[in-house]
Amino acid sequence: MQTIVIGHLNPDMDSICSALAYAHLKRVTGTPDVVAARAGHTNERIDFVLHKFGVEPPVFLSDLSDRVSDVMERDVICVEADSTVYDAIHLLEVRRLRGLPVVDKKRRLLGLLSGFKISHYLFPPREEADTARRITASLSCIVDTFGGKVLTGKLPNDSLEYVLVIGAMNAETFTARVALERPEQLVLFVGDREDIQRLAIAAGVRAIVVTGNLAVAPAVQDAARAAGVILITSPHDTAITLDLARGAVRVGRMLEPEHLTFTPETLLEHVREKAAHSAAFVFPIIDEEGVLVGILAKSNLLKRAERQLILVDHNEFSQAVKGADKVRIVEILDHHRIGGLATDAPILFWNNPVGSTSTIVALCYEQAGVPIPSHIGGLLMAGLISDTLNLKSPTTSLTDRRILQQLTEITGVDPTQLAEEIFSVGSPLLTLTPEQVIIADCKEYEEQGVRFSISQIEELSFSHLPEKQEALLQSLGEHQRRKSLFFAALLVTDINTQVSLLLCRGKPEFLRRIDFPSLGPHLWELVGVVSRKKQLLPYLLQFLDREPKT
């Protein structure tokens, strides 16, 4: 069972750092296969912190919906195109399979070999029975199928069309029968009938198989050798030898002309729709180069991915990675309001009104009696500093201050210097497009039947905002329309002055309710407001029940 520790969509510093730190704690306390993940891309500030403390970014997971890779069989039984039907039949029997994928030397999928296709070849309809005597194979493979022994000549390895004939007739009839075919294509199966053997040699057939382990006269061997006819003996009687010989056909000549394939990343929901209308017994799974990497039977579609979720820094599905509602959630660590998320069973839910989820994770280490390694301490410091604006945010608690002091002692890093380094890296207004600014740290909410979003970025000053303002408002409006939101807001916070500017697009009636000082259309100044969750969100929520929602 894989456990995924993951933060919210459009992750911020706290979301990334708390996921990494908590995943580490779960691993060292005995939980197997724990993976730290992220539901969105990092930014320059996050990358700086990860590099500073020598930590790799969490795994990127954009969708947790079940995929083919979650349930497919990876130990694939397959055959190469130049394998014989004889070998394939035995593999099907031993493995109790209904069919086999057929691949080339580089394991690239060529098609499927089905039991039905083999049965049709071995037992053709009466009207097609005459074709059963014609096979395309190498003579060496034909002889191998029945365990024959060569008396004269050398077996060729070239795959050619041969006509299999049984010499169970009188000499006159046999002569007439041989005359109907090209002698170099004929392979004769006969017992110890020396007259038929000599007639076949005289006719110049390609090979003679003497069945039943019967002796071949030295004179016949000499004649065959002189005529260039290959002479072979079989340990089996004529009927069995011929049946086995027909198994020498290469499976590459029996591929199903149509078959459904999927990639490991294909959503199982999509596969179920396709499979429901398909008569196929299995579905090959191939990578981008066509290489066979797995197989999916219809029974596999009943399985579920063996994984579970731990959510950090959020507790609402509207902010969670896609597909989170289809995976079992076993823990939640958060410091935001409690949303509408429900679970099927009791879980560990630690919701603490502190300034960051990183603070909660540090408390988890404390509670478990596990020392915090220096690099993990650095991550927790960065998450705490970023979310509390280095303890200047009104969300800061006494617990945050105590934890930051402990982390300082563990890492030997000065928090004020770290804060300056973090916030001086990668101004969002300068390094991101307007569209990216909106979604970089955007949280969607649903309240009183309406959906809305609030984004936030932190800057060292507002000096770059005037030149970006119009483009930001345009992108904000497009974001609101594309997502069908009641309103979309962007909070730009100056971490030095503790002042924020609010850009908001939405219903005019709603916007008129905002009573902060206006600096222009869709722009307000919010002195002392730096927290989205504790200051801006409650302020905006009070207006939702005063305006129509359509």
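Just above, that's the structure.
Sequence positions are assigned chain by chain, starting from 1 and proceeding in written order. It should be noted that, the model being predicted, local features are given only for residues of pLDDT at least 70 and side-chain atom pairs only at 80 or more, the latter also being counted only at that level, while totals for whole chains, interfaces and linings use all residues. The basis for the side-chain values is all heavy atoms of the structure; hydrogens and waters are excluded.

1. Digging into the pairing of strand S18 (residues 442-447)
Then, in step 1: Sheet topology places S18 next to strand S19 (residues 450-459); 6 bridges connect them, and they run antiparallel. Paired with Glu444 across the bridge in S19 is Ser453.
Then, in step 2: Two strands qualify as a pair provided DSSP detects at least 2 bridges between them. Elements are defined by DSSP. Helices are runs of H or I of four residues or more, strands are runs of E of two residues or more, and each kind is numbered from the N terminus. The hairpin formed by S18 and S19 contains 2 residues between the paired strands, and Gln448 there has a positive phi angle of roughly 55°.

2. Quick notes on the sheet that holds strand S6 (residues 109-114)
Then, in step 1: Within the open sheet, the 3 strands sit side by side as S4-S5-S6. Their pairing is mixed. Edge strands, defined here as strands with exactly one partner in the open sheet, are strand S4 (79-80) and S6.
Then, in step 2: Looking at chain direction, S4 and strand S5 (residues 99-103) are connected through 2 bridges and run parallel. Each bridged residue has a counterpart across the sheet, and for Val79 the counterpart in S5 is Val102.

3. A look at the nonpolar core
Then, in step 1: What we call a nonpolar core is a set of buried Ala, Val, Leu, Ile, Met, Phe, Trp, Tyr and Cys residues that are connected through their side-chain atoms within 4.5 Å. When accessible area is computed with a 1.4 Å probe and restricted to protein chains, residues below 20% of their type maximum are described as buried, those above 50% as exposed, and intermediate ones as partly exposed. Within the largest apolar cluster, 48 residues are counted, with the highest numbers of intra-cluster contacts made by Val5, Tyr22, Val49, Leu379 and Leu380.
Then, in step 2: Examining the composition of this core, we find that 9 residues originate from one element, helix H1 (residues 13-28), more than from any other.
Then, in step 3: Residues are treated as being in contact if the distance between any of their heavy atoms lies within 4.5 Å. Discounting residues that sit within four places of it in the chain, Val5 has contacts with Ala19, Tyr22, Ala23, Val34, Val35, Ala36, Ala37, Ile310 and Val312.

4. Considering empty space enclosed by the protein
Then, in step 1: Space inside and on the surface of the protein is sampled on a 1 Å grid over the protein atoms alone, with a cavity defined as a set of points where a 1.4 Å probe fits but cannot get out and a pocket as an open set with protein on both sides within 12 Å along at least 5 of 7 lines; lining residues have an atom within 4 Å of a point. Grid points are joined across faces, edges and corners, and a volume is the space filled by probe spheres set on the points. Within this structure, the stated rule accounts for 1 cavity of 30 Å³ or more.
Then, in step 2: Quantified by volume, the largest cavity comes out at close to 60 Å³.
Then, in step 3: Along the walls of the largest cavity sit His314, Asn315, Glu316, Gln319, Asp334, His336, Arg337, Lys443, Tyr445, Lys533 and Leu537, which together make up its complete lining.
Then, in step 4: Elements supplying a minimum of two residues to the lining of the largest cavity: S18 and helix H20 (532-541).
Then, in step 5: When residues are grouped by polarity, Ala, Val, Leu, Ile, Met, Phe, Trp, Tyr, Cys and Pro land in nonpolar, Asp, Glu, Lys and Arg in charged, and all others, Gly among them, in polar. Grouping the amino acids of the lining of the largest cavity by side-chain chemistry returns 2 nonpolar, 4 polar and 5 charged.

5. Remarks on helix H14 (residues 398-411)
Helical periodicity: at 3.6 residues per turn, an α-helix aligns residues three or four positions apart in one direction.
Then, in step 1: Across its 14 residues, H14 extends 20 Å between first and last C-alpha, which sits within 8% of the 20 Å expected from 1.5 Å per residue.
Then, in step 2: Three or more residues of H14 are buried, namely Asp400, Ile403, Leu404, Leu407, Thr408 and Thr411. In a view along the axis of H14, the buried residues occupy a sector of 145°, so they form one face of it. Among the exposed residues of H14, those pointing more than 90 degrees away from its buried face are Leu398 and Glu409.
Then, in step 3: Taken together, the buried residues of H14 touch helix H12 (357-368), helix H13 (374-388) and helix H15 (415-424).
Then, in step 4: The positive-phi residue at the C-terminal boundary of H14 is Gly412, with phi of around 75°. What a helix is expected to span follows from its residue count: subtract one and scale by 1.5 Å. In this description, the arc belongs to the directions extending from the helix axis to the C-beta atoms.

6. Examining unusual backbone geometry
Then, in step 1: In the Ramachandran plot, Asp33 falls in the positive-phi region, its phi being about 50° despite a non-glycine side chain.
Then, in step 2: In this fold, Asp33 is placed in the loop between H1 and strand S2 (34-38).
Then, in step 3: Note on Asp33: relative accessible area 43%, which makes it partly exposed.
Then, in step 4: For Leu389, which is not a glycine, the phi torsion comes out positive at approximately 50°.
Then, in step 5: For Leu389, the location among the structural elements is in the loop between H13 and H14.
Then, in step 6: For Leu389, a relative accessible area of 5% translates into the label buried.

7. Digging into the environment of Val312
Then, in step 1: Relative to the elements of secondary structure, Val312 occurs in strand S15 (residues 307-312).
Then, in step 2: Sequence spacing of Val312 and Val425 is 113 residues, and the spatial spacing of their C-alpha atoms is 25 Å.
Then, in step 3: If we skip the residues at most four places from it in the chain, Val312 touches Val5, Ile6, Gly7, His8, Ser15, Ser18, Ala19, Leu333 and Thr357.

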